[in-house]
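# Coordinate analysis (summary)
Chain by chain, the residues:
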Amino acid sequence: MASLLLGRPAAAHEGHDHGAAPEAIATALPRAEAHSDLFEVVAILQPGGALTVTLDRYADNNPLEGSVTLTIDGQEVAAERQGIGLFVARHPLLDRPGQLDLVFTVMAGEEMDLLTATLDVPAPPAVSGTMVDALALLRNSTVQVGIGIGLLVLGLLLGRASVRRPLPPMIEEAPSIRPVGVLPAGARRAAALLLVSLLAAGPAGAQQALVTGEAPRRLQDGSIFVPKPSQRLLNLRTQLTENGEASAALRMIGTLVPDPNASGRVQASQNGRLEPGDTGFPTLGQRVERGQVLAYVTPTYSAAERGGLIQNAAELDAQITILEARVRRLTSLRGTVAEREILDAQAELAGVRQRRAAIQPALSGREPLVAPVSGIVSTVRGAVGQLVDSATTIVEIVDPSRLWVEALAFDRAALERIIGASATLPDGRVLDLVFMGRGLTVRQQAVPVNFRVDTPPPDAPIGISVLVTLRTARAVRGIVLPSDAVVRSAEGPPVVFEHATAERFIPRQVRVQPLDGTRVVVTAGLEPGQRVVVQGAALIAQVR
């Protein structure tokens, strides 16, 4: 309670109230601002007479390393540096109500500038005579020191009284009885806390902390007040607008897919049971080389099918035995038998042997499943003992350095004038694309288009939807801004935030066209030379 009495309440700007026009931003702390083409300075008068000064670059709102010298009504005051672009100045003139002429001498590197402003110091609120006398008495440093010493002595006496004294040996102490004059432990802690808070409230103990807790808020005219400390926390950055010329763009939704020439699927050619390879089944993310054995398939047949295969094998074995004997007999009669008969017998024997070798894997062999390309295993759909057929894809292999994007274009005319393309991933990364071709068959009333990803990232998520931006040869004149500068308003139309004054932002409805994955072209709603928020606009839009 004493701290509330000692602290002087802050008032609004003199001559302004909280419902004033946007030029007079309703705020509890008096402030002044000034800017040039290089710097922007905001001075905020804190309770207790401390003046905080923020120094930023005017064009991009970036805090600056430098120094600030303050002149108040002709008296020079050195501003103490508290951080990057943050200074504090103290002077008795800051406690006197009225207008103060401020001159800021700013130096940042080799750049220097003089900025002028006027600060209105409000008069303290009127109170009753008794209260004025009490406040004046409490503000006296001698009285505050005396009160502090008295409270300290009182605390020592209370602590002395709370010390337990030994009882006579013949008297048994009752556990529920407290000695007379001894305060409970809770009361002693409360008294100690009150003592510490009252001592800390006086100016003799320490300087009053700077108050920077003003919250951003939306004003009655729709503009948004964001104090400089909040701008530092939100990391707001701006850009000066200027006219330019850019290529018109067309946006569409695409899918990131593997290059068909560098990806493959491993499938069995017949029904069978899966068996692992020499090193087990491949795992996701494993690197495999072309021709590497990944698994085996053991054929499975019914009893009738297996009996037919055994019968065919036996017949072929018998034919091979007969033909081998015939070839030996004809060969021994070479010279008396036509050479053509010997060759025909040998050819017939070779054909039967090939037929026998073809059915041998179906009887007792295994079909090896080999990798058709080199790459990374992206899908594994198999387990030991699993029954598979020829339509089952067991392993999918992808080369992450060779990816494509498939998209559907509804504007066929724009495809004739493509000069560049890019794809934006859901996490904001932008991939450069190379146009490969388009299809002739319409799909979903659109033309399928293929692009090759130029230098894809190794962790690109295959199969994910991406935003494809096509740059055409048609030129569009306007103001080029980053995509993050444009946000959707509560009403729906896109808006950007103009940095009208040091702590006031005005939403401007604009008409935009996409340029690429990271930039847009503003064709209406902005003029050259305006400061527009390009970083943190989405955070400003959430202020209510």
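The paragraphs below set out a description of the structure included in this document. A quick note: this is a predicted structure, and the numbers were derived from the prediction, not measured.

As a further point, take the nonpolar core. Ranked by internal contacts, the top residues of the largest apolar core, which has 28 residues, are Leu-51 and Phe-104. Residue assignment for this core shows that the elements contributing at least two residues are β1 (31–35), β2 (39–45), β3 (50–57), β4 (67–72), β7 (86–90), β8 (98–108) and β9 (111–121). Here the element with the most residues in this core is β8; it accounts for five residues. Ignoring any residue separated from it by four or fewer positions in sequence, one finds Phe-104 in contact with Val-41, Ala-43, Val-53, Val-68, Thr-69, Leu-70, Asp-113, Leu-114, Leu-115 and Ala-117. Val-398, Leu-433, Val-449 and Val-453 belong to the second-largest nonpolar core, a separate cluster that totals 21 residues.

A pair can form between side chains of opposite charge whenever their charged atoms are brought close. Taken as a whole and judged by the stated rule, the model has 20 salt bridges. Here Arg-402 and Asp-259 are joined by a salt bridge, their closest N and O atoms 3.4 Å apart. With Arg-402 in the loop between β21 (393–398) and β22 (403–409) and Asp-259 in the loop between β13 (243–258) and β14 (263–267), this residue pair connects regions lying 143 residues apart in the sequence. Overall, the relative accessible area of 37% leaves Arg-402 in the partly exposed class. A network of salt bridges, in which partner residues are shared, links Glu-40, Asp-56, Lys-228, Arg-232 and Arg-531.

Bridge count between strand β23 (residues 418–424) and strand β24 (residues 430–438): four bridges; the pairing is antiparallel. From the neighbouring strand, Ala-423 faces β24, where its bridge partner is Leu-431. Between the end of β23 and the start of β24, which pair antiparallel, lie five residues, with Gly-428 showing a positive phi angle near 100°. Bridge analysis of β24 against strand β25 (residues 447–454) gives six bridges, and the strand direction is antiparallel. What sits directly across from Val-434, in β25, is Arg-452.

Now for the side chain of Glu-396. Counting through the fold element by element, Glu-396 comes out in strand β21. In this structure the side chain of Glu-396 is engaged in a polar contact, spanning 3.5 Å, whose partner is the side chain of Arg-381. Excluding residues within four positions of it along the chain, Glu-396 makes contact with Gly-264, Arg-265, Ile-376, Val-377, Ser-378, Thr-379 and Arg-381.

This paragraph deals with the environment of Val-266. Here Val-266 lies in strand β14. C-alpha separation for the pair Val-266 and Val-380, spaced 114 residues apart in sequence, amounts to 9.7 Å.

Basis of the calculations
Residues numbered from 1 in each chain as written. Predicted model: local features only at pLDDT ≥ 70, side-chain atom pairs only at ≥ 80, totals over all residues. Heavy atoms only, no water. Core = buried A, V, L, I, M, F, W, Y, C linked by side-chain atoms within 4.5 Å. Buried < 20%, exposed > 50% of the residue type's maximum accessible area, 1.4 Å probe, protein only. Helix = DSSP H or I, 4+ residues; strand = E, 2+ residues; numbered from the N terminus. Contact = heavy atoms within 4.5 Å. Salt bridge = Lys/Arg side-chain N within 4 Å of Asp/Glu carboxyl O. Pairing = 2+ DSSP bridges. Polar contact = N/O pair within 3.5 Å; in protein donor to acceptor, adjacent residues only side chain to side chain.

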